[in-house]
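The chain contents come next:
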Amino acid sequence: MFLDCLKLKAAFPSAGYVLQTFETTPLQWDCHHGTTFILRVANLDVTAIPEETFEAGISIEVGLSPREKFISQAEKFAAAQQLDLPLSASPPSELTEQLTLSAVHLPQAKLFIFAEVSQLKARPAGKEVCEMKVTGNFKVRQIPCREADLVIHLEKPAAARLLSFLMAQAR
């Protein structure tokens, strides 16, 4: 499933880089290994920054419009992936989920920046827009990689709760 990533900024002061988008780009939501789901945004712009300039973390805004198309696409995805979507009479104003992995690849610098323990907070950010913030203890490793991208791994129950939350926001 693809969502519209309206805005993305991933800042990593300890590595000295910011990754971001300057226009709407696809956010891929897929099943990775049976029970692990990924959120992935590729082709990010990379900028070197002074270490003290930014706080570490990831901020993503996703579009949930057109509303009918998003809900239909989300329902088909949930059915195909056998996600049990929790339904509630009144959705929470914010959702917090523990993530399995949050990471970015920086091919020019041959860096892999990752947090094995991280947290995602989602909340509405306007009409048919949801903001997701990821925080964690990001580490840096030097490895070769092919493209600048961001990947977030979450387990199946967390993926179901996040999708349910987004659908409730769209409704």
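What follows covers helix α1 (residues 67–80). Because each turn of an α-helix spans 3.6 residues, side chains separated by three or four positions end up pointing in the same direction. The end-to-end C-alpha distance of α1, which contains 14 residues, comes to 20 Å, matching closely the 20 Å that a straight helix rising 1.5 Å per residue would cover. Taken as a whole, α1 has its buried residues at F70, I71, A74, F77 and A78. An end-on view of α1 places all buried positions within 130 degrees of arc, on one side of the element. α1 presents E68, K69, K76, A79 and A80 as exposed residues on the side facing more than 90 degrees away from its buried surface. Immediately downstream of α1, the backbone of Q82 shows phi near 55 degrees, a positive value.

What the rule picks out here adds up to 0 disulfides. Among the cysteines around C130, which has no disulfide bond, C5 carries the closest sulfur, lying 12 Å off.

Most of strand β6 (residues 57–63) is tucked away: 5 of the 7 residues are buried. In terms of strand pairing, strand β1 (residues 2–12) meets β6 through 7 bridges, oriented antiparallel. Its bridge partner being in β6, L8 is matched across the sheet by I60. Note that β6 and strand β11 (residues 129–136) share 6 bridges and pair antiparallel. Across the sheet, S59 pairs through a bridge with K133, a residue of β11.

Quick notes on the rules
- Residues numbered from 1 in each chain as written.
- Predicted model: local features only at pLDDT ≥ 70, side-chain atom pairs only at ≥ 80, totals over all residues.
- Heavy atoms only, no water.
- Helix = DSSP H or I, 4+ residues; strand = E, 2+ residues; numbered from the N terminus.
- Expected span 1.5 Å × (residues − 1).
- Buried < 20%, exposed > 50% of the residue type's maximum accessible area, 1.4 Å probe, protein only.
- Arc of directions from axis to C-beta.
- Disulfide = S-S within 2.5 Å.
- Pairing = 2+ DSSP bridges.

Don't take any of this as a statement about function, it's just geometry.
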